[in-house]
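Here is what each chain is made of, one letter per residue.
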Number of protein chains: 2
Amino acid sequence: MRARIEDVAQAAGVSMTTVSRVFNKEPNVREKTRLKVEAAAQALDYRPNPSARSLAGNRSYLISLVYDDPAAASSYIMEIIVGMLVACERQRYSAMLRPLEYSNADHVRAVEESIAQYRPDGLILVPPFADDLKLLRRLDALGVRYATISAKAKLGHARIGTILDERKAAAEMIAHAVELGHRRIAHIAGPPLHGGRAWRLAGYRDGLRRAGIAYDAKLVVDGGFTFDDGVAGTRQLLDLKHPPTAIFAANDDSACGVMHEAFERGLRVPQDVSVFGFDDTPASRQIWPSLTTVRQPCREMGRIAAEQLLAAIRDPQAGALVRVPYELMIRQSGGPAPAAAKRR
Amino acid sequence: MRARIEDVAQAAGVSMTTVSRVFNKEPNVREKTRLKVEAAAQALDYRPNPSARSLAGNRSYLISLVYDDPAAASSYIMEIIVGMLVACERQRYSAMLRPLEYSNADHVRAVEESIAQYRPDGLILVPPFADDLKLLRRLDALGVRYATISAKAKLGHARIGTILDERKAAAEMIAHAVELGHRRIAHIAGPPLHGGRAWRLAGYRDGLRRAGIAYDAKLVVDGGFTFDDGVAGTRQLLDLKHPPTAIFAANDDSACGVMHEAFERGLRVPQDVSVFGFDDTPASRQIWPSLTTVRQPCREMGRIAAEQLLAAIRDPQAGALVRVPYELMIRQSGGPAPAAAKRR
DNA sequence: TTGTACGCGTTATCAT
DNA sequence: ATGATAACGCGTACAA
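Throughout this document, residue positions are counted from 1 along each chain, in the order its sequence is written. Both sets of labels track the order of writing: A upward for chains, 1 upward for ligands. Only residues with pLDDT of at least 70 get local features here, since the model is predicted, and only at 80 or more are side-chain atom pairs given and counted; chain-wide, interface and lining totals rely on the full set of residues. Side-chain descriptors were evaluated using all non-hydrogen atoms of the structure, hydrogens and water having been removed beforehand.

Per an unreviewed UniProt entry, chain A is named Transcriptional regulator, LacI family, and its organism is Lysobacter capsici AZ78.

A. Spotlight on the packing of helix α2 (residues 16-23) of chain B against helix α3 (residues 31-44) of chain B. All names here are of chain B. It is the contact of α2 with α3, at a shortest axis distance of 10 Å, that shows an interaxial angle of 90 degrees. Taken together, the axis directions place α2 and α3 in an arrangement best described as roughly perpendicular. Here α2 contributes Thr-18, Val-19, Val-22 and Phe-23 to the contact with α3, which in turn contributes Thr-33, Arg-34, Val-37, Glu-38 and Ala-41. Taken together, the residues of the contact of α2 with α3 break down into 5 nonpolar, 2 polar and 2 charged. Note on method: axes are straight lines fitted to C-alpha atoms, helices fitted across the in-contact stretch only, with angles between N-to-C directions ranging 0 to 180 degrees. Runs of E in the DSSP output that reach at least two residues are strands. Runs of H or I that reach at least four are helices, and both are numbered from the N terminus. Just so you know how the angles are binned, under 35 degrees is roughly parallel, over 145 roughly antiparallel, 65 to 115 roughly perpendicular, and the rest oblique. Whether two residues are in contact is decided by their heavy atoms, any of which lying within 4.5 Å being enough. For this classification, the nonpolar set comprises Ala, Val, Leu, Ile, Met, Phe, Trp, Tyr, Cys and Pro, the charged set comprises Asp, Glu, Lys and Arg, and every other residue, Gly included, is treated as polar.

B. How the structure looks around the sheet that holds strand β2 (residues 94-100) of chain B. Residues and elements named next belong to chain B. The strand order across the open sheet formed by 6 strands is β2-β1-β3-β4-β5-β11, and the pairing between neighbours is parallel. Each end of this open sheet is capped by a strand with a single partner; those strands are β2 and β11 (321-324). Neighbour-to-neighbour, the strand axes of the sheet open up by a mean angle of 20 degrees, direction not taken into account. At least two bridges found by DSSP between two strands are what make those strands a pair. When strand β5 (residues 161-164) meets β11, the two strands line up parallel, connected through 4 bridges. Bridge pairing in β11 links Leu-164 to Val-324. In the packing of helix α7 (residues 133-142) onto the sheet, the strands contacted are β3 (122-125) and β4 (146-149), and the crossing angle to β3 comes to about 165 degrees.

C. Quick look at the environment of Lys-152 of chain B. Residue and element names in this part refer to chain B. By secondary structure assignment, the location of Lys-152 is in the loop between β4 and β5. The spatial distance from the C-alpha of Lys-152 to the C-alpha of Ala-198 is 9.0 Å, given a sequence separation of 46 residues. Setting aside anything within four residues of it in sequence, one finds Lys-152 in contact with Asp-131, Arg-159, Pro-192, Leu-193, His-194, Gly-195 and Trp-199.

Right, dumping it as structure tokens:
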């Protein structure tokens, strides 16, 4: 049978309480005592029993990642998970995944249900959950701690998590397109409920304004974050009387759709039309031509969000909203604007 | 405070034991009693405390997915996770993720460490872990239950999990290429340790044999499952005096690399060279031209592996190795062999 | 700084 | 078919 705390206490010649103190890094333990305990624990290969710990401590030592199910297989989520796992491991926490269907009307109940069953000590929310005021308010009311990733909502006593200046990133992307000589730059916007939509759209407009290019509503189409949204948006845009020479998609999946539709029409990228994305998914490096896009440090975002959440769990005063850096990844899908278009 | 089993017992006018029996679907409970208990539980919104359950039951109600970290963001793993979660939820189990670096010499210890810490009731292993005899033997010795996905190894008292006839699938892919008129068909093989490498390579040879095409060692290059492996392999193949007219990559990531390198050289796909993959990742639909490949039902595989594992946990006699179907996804990356090549 | 003793909520054992 | 009670292994008041 496995060593218990009692065995360690006996071997070290101290009480169970002292062993507990050592393992939980509590103060008021003499260095010498601690070393004794650690040696005994090592010798017995002792590991605290997580269930017993939870039961006695009235905590689950568990945090839960809530994300939208259709996006369940996106590399965005996967990277966040990996980062989250890193943070959890370091602090003897576990991570749990809750892919829920956001489109279900009762997704708030689904989250509550999940909390009731598994009793996580905290939640990490990504969009669109991170932007759902009804959900956030409910969590606040329930006293459930949470961290958000890329949330537009400004709710909660202590708003914690990570954020990235998507607006500035988008503006920079447009500046890059302008530098390449583009004037007719279109945007396929993200889904209505994501903060990302508003930020990237605002950044797009910022970029145009700074370049002295008038905003043309015809060049902005509603879209989403999927490949098909990119295809549909591109159809609209390329059917225009004066089609754009560059298309900035709301994210990489959508940008792949843009390229797909462009190719379907026999256009070349970037010679005939330049394409820009957002996210830097693995696919953005693998497609041809490789996609110029904005990198979000998803793994770091997951790790940081978890760290801030765990800090807040330990101490309600702790935890912050951490801004993480983006990076423009200049690849091959963006090229000089076609001469013909320039002359128009 | 939350309702405990005692509260439910009192409300229903029965003992705690009976409530426990009802919740665990044990026999020897009168229908009438069960209904009483269920009504009381419903009224009190009672949820069993997982920690208490684990502690008293000496089980963690937790299964762990072990996979290679570099592949952490692959859609293959993501889909498996989703399937696994579905199975767990249905049986009141939790799922935990263990991305470990297989290339680390002590990955067996890393697995043991993870088991010691979190005490999962079972493991799900994917390649290359599923093929690691040393690991499997160690787990057998420790009495740890596990299910494998796509393992070539035939170990364990009760070998359980899922398997797919990759060899037959690969042969079918080659048959498809032959139908398109290809005779010089190359293969970029998978990484040495994966069962997938051997199966897909064997299927490739089967396919050639059936078409009466002599095996040419020059047309088979060592590779791996990454984009870069595809690029490197394609360089070798296209530098050949008699380059192939079709390239069958070990998987989709690698196939993307093949296409990338072909485009770099100014070749057209599929007019100049046809490309075939394996896995049906999301990217295979998004790239241009879309990739002809073999679909593996990863989500189902994850679900089934978890189900078999849970069955085996409950009853050591239970659990089986379930064969799942593949599907040829004919898309645009495969086309008729170039006339010039045919004449050679 | 260290130790004693109780309680966390459930399952398992053994009666009845 | 149902119930009483002792574990399960740890955290935490409280005492020393």
